[in-house]
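# Summary of the model geometry
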Amino acid sequence: MSITTAASAYDQYAPSRASLMGWLAVVSVMMGIFAIVTTEILPIGLLTSIGSDFTGVAGLMMTMPGFLAAAAAPLVTAATARFDRRLMLCVFMLLLALANFLAAAAPDCWLVLISRIMVGITIGGFWPIGAGLAGRLVPPALVGRATAVIFSAVPLGSVLGVPVGTLIGHFAGWRTALTVMGVLAVGVLVMLFVFVPSLPPTQSTRLGVLGSMLRSAGTRFALLLTFLIVMAHFATYTYVTPFLEQVTHVSGGLITTFLLLYGAAGILGNFLGGAWVARYPRSVFGLAAGLIAGATLLLPVLGRWNAGAVILLIVWGIAYGAVPVASQTWFSKAAPHTPEAASVLFTASFQATISAGALAGGIILDRTSPSTVMLLGGCTAVLMLLVIGARSVERLTGPHGKERSGTCE
């Protein structure tokens, strides 16, 4: 083979190899978010066993990380703005592994709470970097698909991570389940180190940058939409099990099946949303809000029967599966020149609203009923739909005329 022929063959091989490495990097980031999501919500399945060892700690294990992540996202990202992003991903994944190992070995409850502080810092640090990396790992034409792959970690954590972790905790104890999560985090750390290329910061994400973004009408609108839809979802879905028990009268084993179907639908919704959101962000976000509103408002009526509950949960799962990727895309398009700063605001708003929604739903449930929780959550989703509709009407009567492909404003 001549040198010219060999060079030509290498030139043909190099792009495919680069593409493969790019997708392996995307999967590595996805696995990192999968480990984070599973670690964050795994205590839901281990509440009883953890509570039997440490009274009063189990509830804090759920509420602490979200609020801490919201506070940590801007502070940690600004503090590490000049460091290579691959290095920071690895550091945060190491911190997640240590948090799981610490909780698994903790003899006292205060060490468990320290481990959850570490989890909150990890969420606040890893998410803003990882959520917006697709554009630096794959060609522009594949960014939407890569973003969907990264965000598929969210429903996968619910469908696969939490049930498997809960099963391990049931048979081997909650400490073993957290140890396994620590081992998973170490494995992801290796993947990030091997497959993710060096990623020098393209722009320093300082607090002043975040402040200037908040003065943008597009960013404030993204914050409003994210707050409404995440509030609507987590104020209701957090308490869907009491609804199924008290209204649908479903047994424990069947509830697990229902929730698995919901999670599988969420994975489908994630990829459908990822395929369309880059071109039609308003339409995807609005459709998700409409479907969540319909599902939650109809549950108190149709959810009295198993078939009705299953159908509505599947619709709900498809709708919410598109929400994280739609919200992240909306923030990115509102601030196209500062993608990491957009991810910071996305992470902070999303995590804070998760905890706020769960708390609000719990307060309502204590004073009313699961059906009332569903109705109020549905009304919140309707409010978001009305906000999007009002903005769409404003655009139609304005100089631009109609929604343009790939734009939010």
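Presented here is a report on the structure given in the accompanying data block.

Bringing the overall build of the protein chain into the picture now. Regarding its fold elements, the protein chain presents 18 helices and zero strands. Taken over 409 residues, the protein chain has a buried fraction of 50%. Of all intrachain contacts in the protein chain linking residues separated by at least 6 positions in sequence, the fraction that spans at least 24 positions is 84%. Surface accessibility of the protein chain: about 17200 Å² in total, with carbon and sulfur atoms responsible for 72%.

Looking now at the side chain of Ser371. Considering the arrangement of structural elements, one finds Ser371 in helix α18 (residues 370-396). With near-sequence residues (within four places) excluded, Ser371 lies in contact with Phe243, Val247 and Pro300.

By size, the foremost hydrophobic cluster in this structure holds 98 residues, and its most contacted members are Trp127 and Trp316. Once residues lying within four places of it in the same chain are set aside, the contact partners of Trp316 are His233, Thr236, Tyr237, Val240, Tyr262, Ile292, Ala295, Thr296, Leu299 and Met374. In terms of nonpolar packing, the next biggest core, distinct from the first, is built from eight residues, Ile50, Trp174, Leu178 and Met181 among them.

Turning to the environment of Tyr320, a few remarks are in order. Inspection of the secondary structure puts Tyr320 in helix α15 (residues 306-321). When its relative accessible area of 7% is taken as the criterion, Tyr320 is described as buried. Along the backbone, Tyr320 and Ile267 are 53 residues apart, and their C-alpha atoms lie at a distance of 9.4 Å. If we skip the residues at most four places from it in the chain, Tyr320 touches His233, Phe234, Tyr262, Ile292 and Phe350.

Another aspect to go through is unusual backbone geometry. For His249, which is not a glycine, the phi torsion comes out positive at approximately 60°. You can see His249 is positioned in the loop between α12 (240-248) and α13 (252-276). His249 gets classed as exposed once you look at its relative accessible area, which sits at 61%.

Basis of the calculations
Each residue is numbered by its place in its chain's sequence as written, counting from 1. Totals for whole chains, interfaces and linings use all residues, but because this is a predicted model, local features are given only for residues with pLDDT of at least 70 and pairs of side-chain atoms are given and counted only at 80 or more. Computation of side-chain values covers all heavy atoms of the structure but excludes hydrogens and water. Numbering of helices and strands runs from the N terminus; a helix is a DSSP stretch of H or I covering at least four residues, while a strand is a stretch of E covering at least two. Only protein chains enter the area calculation, which uses a 1.4 Å probe; residues under 20% of their type maximum are buried, those over 50% are exposed, and those in between are partly exposed. Whether two residues touch is decided by their heavy atoms; if any such pair falls within 4.5 Å, the residues are in contact. Note on areas: Shrake-Rupley, 1.4 Å probe, and residue coverage restricted to the protein chains presented here. Buried Ala, Val, Leu, Ile, Met, Phe, Trp, Tyr and Cys residues that are joined via side-chain atoms within 4.5 Å together make up what is termed a nonpolar core.

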